[in-house]
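# Observations on chain architecture
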Amino acid sequence: MLMLLCLSLALVGASKSQDTGQICVMSYEDRNGNRRFDANEPPVTQGIGVNLQSALGITVATKLLEASTYTVPGLVCLGDLPRGEYQVLMTSAQYRATTDLAFSAVVAPGSAPVRLDFGVTRFPVGTAEETEAQASQLTDEQLQRLQSIGMGLIASMLISLVMFLIGCLFYMLVFRRRRKRIRAGRRQGPGNPPASAVMQQVGMALSPAPAATMTAPATHRPGQGSPLLFADDDTSPNPGA
């Protein structure tokens, strides 16, 4: 394996101009997790991306491992690089890095290609399913919160609507009573007495008048007989009286 890698790097370096340099990244499966490439560790042939940036942070080149000419040994080589310092950023959606994700490399024209070893390990079985389950669980919690907030808003709106209807009903009752009073006053007019007073006057007019008591003037004097029997009677016992 090492001889194959050295031969590949030598062939790549020989095919390039002496005025520029190159950077090669080898991705391998770090089975023992020691962050070093061992002879019994196989290369990774897919799922790796390499981003090359200049010292100013400008992206110079980007390449995927699947699109590399040296996919079988797990190599991604970026050539025709002028002299200078570069930053290599590794990305992967299928593997978890055991080494650093960012490397610094200095390119010197005429020198051997810069080699960087990028160790990865596979995600544990079921991690993707657990991640999706956690995402769905968080989504369910968010939905429950949204539902509770929505129910609270609906309840507050219903209460406000009921209070508004009660207020409108009370206002209509008061307004109708006041309107009736105003109409009754307009019908009576400013000079007409109230209906109760008119009814009292009508009742008094229809009720029979009380019988008048006749009082006759007193014509009887003391010492005389009955005024009715002896007033003009010549046979009065006292004719000279």
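Our structure is the block above this text.
Summary of the structure given here. Since the model is a prediction, treat every value here as computed from it, not as a measurement.

## A word on the state of the cysteines
- On inspection of all chains with the given rule, the structure shows 1 disulfide.
- Sulfur-sulfur distance for the disulfide between Cys-24 and Cys-77 comes to 2.2 Å. Residues Cys-24 and Cys-77 are joined through a disulfide that is right-handed, its torsion about the S-S bond being 115°. Pair noted here: Cys-24 is in strand 1 (residues 21-29) and Cys-77 is in strand 4 (residues 75-81), with a separation of 53 residues, a long-range link.

## Concerning the sheet that holds strand 5 (residues 84-91)
- Here we have 4 strands laid out as an open sheet, ordered 3-2-5-7, and antiparallel in their pairing. With partners counted over all chains shown, the strands left at the sheet margins are strand 3 (59-64) and strand 7 (102-107), one partner each. Direction aside, the axes of adjacent strands within the sheet are offset by 20° on average.
- Sheet topology places strand 2 (residues 49-54) next to strand 3; 5 bridges connect them, and they run antiparallel. Considered in strand 3, the bridge of Asn-51 is made with Thr-62.

## Quick look at the sheet that holds strand 8 (residues 114-122)
- Spatially, 4-1-8-6 is the arrangement adopted by the 4 strands of the open sheet, whose pairing is mixed. On the outer flanks of this sheet lie strand 4 and strand 6 (95-97), each paired with one strand and no other. Between one strand axis and the next, the sheet turns by 30° as a mean value, whatever way the strands run.
- Two elements, strand 6 and strand 8, share 3 bridges in a ladder whose sense is antiparallel. Paired with Tyr-95 across the bridge in strand 8 is Arg-122.

Rules of the game
- Residues numbered from 1 in each chain as written.
- Predicted model: local features only at pLDDT ≥ 70, side-chain atom pairs only at ≥ 80, totals over all residues.
- Heavy atoms only, no water.
- Disulfide = S-S within 2.5 Å.
- Helix = DSSP H or I, 4+ residues; strand = E, 2+ residues; numbered from the N terminus.
- Pairing = 2+ DSSP bridges.
- Axes fitted to C-alpha atoms, helices over the stretch in contact; angles between N-to-C directions.

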